[in-house]
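# Structure at a glance
Below, each chain spelled out in residue letters.
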Amino acid sequence: MTDKSSSRSSQKQPKTGAEIRSAFLGFFAERGHQVIPSASLVPEDPTVLLTIAGMLPFKPVFLGQAKRPSARATSVQKCIRTNDIENVGRTARHHTYFEMLGNFSFGDYFKHQAILWAWELTTQVFSLDPKNLVVSIFRDDEEAEMIWRDVVGVNPKRIVRMDETDNFWSSGPTGPCGPCSEIYYDFKPELGDELIDLEDDERYIEFYNLVFMQYNKDAEGQLSPLATCNIDTGMGLERMAQILQRVPNNYETDLIYPLIEKATFLAGINYHDLDSKSQTSLKVIADHTRAVTQLIADGVIASNLGRGYVLRRLLRRVIRHGRLLGIVQPFLVEIGKAAIDLMKSAYPELEERRKIILNELQREEVRFLETLERGEKLLNEMISCHPNMITGDQAFELYDTYGFPIELTQEIADEQGLKVDLVGFEKAMQAQRQRAQSANVAIDLTLKEAVDEVVITLEATEFKGYETLQQKSFVKALIVNGKSSQVASVGDQVQIVLDRTAFYAEGGGQIGDSGKLTTFGSDKTDSACIAINNVIQNKSIFVHSGEIEKGQLVVGDQVYGQVDRSIRLRIQAHHTSTHLLQSALKKIVDMSIGQAGSLVDCDHLRFDFHSPKAVTDDELIRVEKLINEWIADSICLEVKEMEIKKAQAAGAIAMFGEKYSDLVRVVDVPGVSMELCGGTHVSNTSEIGIFKIVSESGIAAGIRRIEAVAGSAVIPFLNQRDEIVKNLADQLKTKPSDILGRVVSLQEELRVANKSLATISQELALAKAMSFTNNVDVIGNSKLIIQRLDGVDGGGLQIAAQGLLNQLGDNAGVVLGGIPDAADENKVIFVAAFGSRLLSIGLKAGQFVGEVAKLCGGGGGGRPNLAQAGGRDGKSLTIALKYAREKLESVLK
């Protein structure tokens, strides 16, 4: 045993979640591992929606696409998985949010050292008795078995061979891969070593996985040894906490149970007195609350797409399980506060973003509660009408109108023993996507693949665009019409890689530069000219896109680059204005405002930001005034490179979800703004000239958007506005200063005219309806009118039905249905009016008309004596009216 292990063996055994984190990181830090902070739950890898594993931030290193941070690393990585969400709370150890402790070797130590340290950590630091441990290995990994058996000294009977499904890791169909070895905890070692079954979740729990990356798999599935082998390990924090705290499941550890206690307090119940179903609801609430709190802190906003959909689904499951426990009042903010307090010592950003997190929880809860009760009522009606299946159209209505994620509908249906028509739901979703798709964005995958193949072999482009707009360079690579080439000629669409450039590449919201590249022959007559229209960055390579306007370009040519100065200056004015805008919003509207996205163009800027409320007109005026004051103050900007920790300590603002290196560029407008930014800026605020806000709007829940213009771009904007005002004045035959008064006057005239038209329409509908008195059905002592009346809106139908009822008396019933607009034959309206005699025998207009409307794919209701409903299937109108007649006749007979 080493001195380090001897000193640790005398220390107190870690038990709390915080102690386990600290002990793990400390153990590997003492052994030369760099401690890496947890990455965001929003990964850099575009192929993955969320960070699902501790190794994901290091995937580019393992694949040879990025430099290693050090030869050895260790981290505690927050992760989210929702693929088996139905098991959350039902098993002892399934979660959506969990923390993965890991140690990593990038071409340094390998299998022997990894196994020895894993055993030392497990038995010496965490003091687990070897008799409680079982080891699994890949079936063909003789080396791992030898180390465990002969070096570590594990009982051979407690070493279990397993197949590829369990114990072989691959990065994909091809690429790095290798065998795994896992350490399991045995809760019942007294049952002996014979017939060990690691699938027995009651007896065993896997808590530490060691991945030995030692092979490369080719397209044929053949394995060959890697030149340098890597180690990737993962220990589940919640699982180790369950073992060390000696509790029956992960949920009763100090990492989660405080949230269960908070939920029981809000519900007025006791966890240990509840049945398993109610305990499951508490576990779901606690688990999901940890997940949603961390997701919002990492910049995810609830929506119906991607990560936003995952967040919304989790939030709405929390709300529903709260209602199952009897929590009818809003409670997400309260339990969100508890989650922040529970996790903020490990993740300080939760406290920093407390206001943003709680605002998003409150907004989403209010939005869902507005429709939840109606949605649940409709779902119960669906279940009663269709006892075997919820149709795809019904599931889509719950999703589209009432905000029920399809998984929530499935969950409720499953509780009732029903199925959901998922194929039909997907058809309805696809139809909606086609209706909503207003524009297509095509991605040239062939071009992207060609660029990817080219840049992987090149060194980073040296960017000179901060200091100059002109630069001599050499052509390192060419892509012509989507294919790698050595030469390009007139008319060719090209992507050009240079060894250095003054052209800024699109990034950080700022568009790429445009300009010209030229070459010169010996007599300057065979020069080439290339118009550059955009520049993007692929990894650290700048790719210039354009067209050969003259001559021929060859790989290896020297070129002279000239960035379009006029466009660059306009872009710079908008970029610096964006920084000033964020500072002004924080100062005047709310300090919690943070950037959610931006676009910096030559003719305008767009700034998206998190805000708990809309910005008022008065606030917009004050923001604009303050920015123009800063411009007039002629403040010199200071741009410098700093270590990221020093920059943040100095107050520099970083954007949510953005990834930064250890050395960052800081753009400082002294006394006004300090941000981490790689974009181009003016050197003095006076260069902006003038700033004008164009619009402010909401684009998503909790996200606002301001569009503005600055500098010379203000002139065309003002000219356009001036032209509109002149045209309006001509059309209204008034002076520009009197336009507002004239518009108000016209609006009042229109209101009066519309009111008169509505009155005439209703009188006309009543007049038409009176002709129905010649076709009254008499059933016993009751009179019925059931007729179709098209071209009349809901208000007109109600007046007509009430007029007919007044004519017929208290023993009458009237049902009218029609298509109000011939241009939309799918929209149907029904109205029912019942007299007092029909009410006395139990008929209710609201309930009745709702049933009729269902035959047209709709619903509705109202008062017992007068009610209205709507439908979406005009072809079924005749059938629905026939049903109404037969239903009333059967009741009255």
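Below: a short report on this structure. (Residues numbered from 1 in each chain as written. Predicted model: local features only at pLDDT ≥ 70, side-chain atom pairs only at ≥ 80, totals over all residues. Heavy atoms only, no water.)

### Observations regarding the overall build of the protein
- Counting its regular elements, the protein contains 26 helices and 35 strands.
- Along the longest, intermediate and shortest principal axes, the C-alpha atoms of the protein span 100 × 90 × 55 Å.
- In the protein, the share of contacts with a sequence separation of at least 24, taken over all contacts with a separation of at least 6, comes to 67%.
- Split by element, the accessible area of the protein, about 42100 Å² in all, is 50% carbon and sulfur. (Helix = DSSP H or I, 4+ residues; strand = E, 2+ residues; numbered from the N terminus. Contact = heavy atoms within 4.5 Å. Areas by Shrake-Rupley, 256 points an atom, 1.4 Å probe, with all protein chains shown as cover.)

### Structural notes on the sheet that holds strand E35 (residues 866-871)
- With mixed pairing, the 6 strands of this open sheet are ordered in space as E30-E31-E32-E33-E35-E34. With partners counted over all chains shown, the strands left at the sheet margins are strand E30 (777-779) and strand E34 (859-862), one partner each. Neighbour-to-neighbour, the strand axes of the sheet open up by a mean angle of 15°, direction not taken into account.
- Against the sheet, helix H23 (residues 794-808) contacts strand E31 (782-788), strand E32 (812-818), strand E33 (828-834) and E35, and its axis sits at roughly 155° relative to E32.
- The sheet contacts of helix H25 (residues 845-854) involve E32, E33, E34 and E35, and relative to E35 the element is tilted by about 15°. (Pairing = 2+ DSSP bridges. Axes fitted to C-alpha atoms, helices over the stretch in contact; angles between N-to-C directions.)

### With respect to the nonpolar core
- Core analysis: the largest hydrophobic core is formed by 114 residues, its most contacted members being Leu-121, Phe-126, Leu-128, Trp-148, Phe-207, Tyr-208 and Met-235.
- No other element matches the 10 residues that helix H13 (residues 354-385) contributes to this core.
- Apart from the residues within four sequence positions on either side, Trp-148 is in contact with Ile-115, Trp-119, Val-135, Ile-137, Gly-153, Val-154, Ile-159, Ser-181, Ile-183 and Leu-210.
- Judged by nonpolar contacts, the second largest core, of 30 residues, contains Phe-609, Val-623, Cys-677 and Phe-691. (Core = buried A, V, L, I, M, F, W, Y, C linked by side-chain atoms within 4.5 Å. Buried < 20%, exposed > 50% of the residue type's maximum accessible area, 1.4 Å probe, protein only.)

### Examining the pattern of salt bridges
- A full pass over the atoms with the stated rule returns 45 salt bridges.
- The partner of Arg-139 in a salt bridge is Asp-140, and the shortest N-O contact between them spans 3.6 Å.
- Judged by relative accessible area, Arg-139 falls into the partly exposed class, the value being 33%.
- Across the salt bridge formed by Asp-790 and Arg-788, the nearest N and O atoms sit 3.0 Å from each other.
- Relative accessible area serves as the criterion here: at 32%, Asp-790 is assigned to the partly exposed category.
- Look at Arg-788 and you get partly exposed, because its relative accessible area is 37%. (Salt bridge = Lys/Arg side-chain N within 4 Å of Asp/Glu carboxyl O.)

### Quick look at helix H26 (residues 877-892)
- Helix length check: H26 (16 residues) gives 23 Å between terminal C-alpha atoms against 22 Å at 1.5 Å per residue, within 8%.
- Here H26 has its buried residues at Leu-877, Ala-880, Leu-881, Ala-884, Leu-888, Glu-889 and Leu-892. Viewed along the axis of H26, the buried residues span an arc of 165°, placing them on a single side of the element. Opposite the buried face of H26, at more than 90 degrees from it, the exposed residues are Thr-878, Ile-879, Lys-882 and Ser-890.
- On its buried side, H26 packs onto E30, E31, E32, E33, helix H24 (836-840) and H25. (Expected span 1.5 Å × (residues − 1). Arc of directions from axis to C-beta.)

### Re the layout of surface pockets
- Its volume calculated, the second largest pocket comes out at about 1600 Å³.
- As for the second largest pocket, its lining consists of 47 residues, of which Arg-81, Met-100, Glu-182, Glu-206 and Arg-239 are closest to the centre.
- The set of elements that each furnish at least two residues to the lining of the second largest pocket consists of strand E3 (97-106), helix H6 (164-167), strand E7 (175-186), strand E8 (204-217), strand E9 (223-236) and helix H7 (237-245).
- Looking at which element gives the most residues to the lining of the second largest pocket, the answer is E8, with 6 residues.
- Among the residues making up the lining of the second largest pocket, the classes are represented as 17 nonpolar, 14 polar and 16 charged. (1 Å grid on protein atoms, 1.4 Å probe; cavity = no way out; pocket = protein on both sides within 12 Å on 5 of 7 lines; lining within 4 Å. Points joined across faces, edges and corners; volume = space filled by probe spheres on them. Nonpolar A, V, L, I, M, F, W, Y, C, P; charged D, E, K, R; others polar.)

### A word on the packing of helix H8 (residues 257-267) against helix H9 (residues 276-297)
- Closest axis-to-axis distance for the H8/H9 pair is 9 Å, and the angle between their directions is 120°. Judged on the interaxial angle alone, H9 and H8 are oblique. Our pair here, H8 against H9, has a crossing hand that is right-handed. Contact residues: Leu-259, Ile-260, Ala-263 and Thr-264 in H8; Leu-282, Lys-283, Ile-285, Ala-286 and Arg-290 in H9.
- Residue composition of the contact of H8 with H9, grouped by class: 6 nonpolar, 1 polar and 2 charged. (Parallel < 35°, antiparallel > 145°, perpendicular 65-115°, else oblique. Left-handed = near helix turned anticlockwise from the far one by under 90°.)

### Quick look at the packing of aromatic side chains
- Scanning all chains against the criterion turns up 20 aromatic pairs.
- Considering the side-chain rings of Phe-24 and Phe-28, the 5.0 Å spacing of their centres and the 50° angle between planes classify their relative orientation as tilted. Taken together, the positions of Phe-24 and Phe-28, both in helix H2 (residues 17-29) and 4 residues apart, correspond to about one turn of that helix.
- According to the relative accessible area criterion, Phe-28 is buried, its value standing at 0%.
- Three or more aromatic residues joined by ring pairs form one cluster here, namely Phe-24, Phe-27, Phe-28, Tyr-109, Trp-117 and Tyr-208.
- When the ring centre of Phe-27 is taken as reference, the NZ or CZ atom of Arg-31 above it lies at 3.7 Å.
- Between the NZ or CZ atom of Arg-665 and the centre of the ring of Tyr-466, over which it lies, the distance is 3.6 Å. (Phe/Tyr/Trp six-rings, centres within 6.5 Å; stacked < 30°, edge-to-face > 60°. Lys NZ or Arg CZ within 6 Å of the ring centre and 35° of its normal.)

### Topic: a negative patch on the surface
- A surface patch of like charges, here negative, comprises Asp-166, Asp-197, Glu-199, Asp-200 and Glu-202.
- Assignment of secondary structure puts Glu-199 in the loop between E7 and E8. (Patch = residues over 30% accessible without salt bridge, like charges linked within 9 Å, V, L, I, M, F, W, Y side chains within 5 Å. Lys, Arg positive; Asp, Glu negative; His and termini not counted. Charge placed at Lys NZ, Arg CZ, Asp CG, Glu CD.)

### Thoughts on unusual backbone geometry
- Even without being glycine, Lys-539 reaches a positive phi, approximately 60°.
- Of note, Lys-539 is situated in the loop between strand E19 (529-538) and strand E20 (541-550).
- The exposure class of Lys-539 is exposed, given its relative accessible area of 54%.
- Of note in this structure, Ser-634 is not a glycine but carries a positive phi near 50°.
- Mapping Ser-634 onto the fold places it in the loop between helix H19 (617-632) and strand E25 (638-643).

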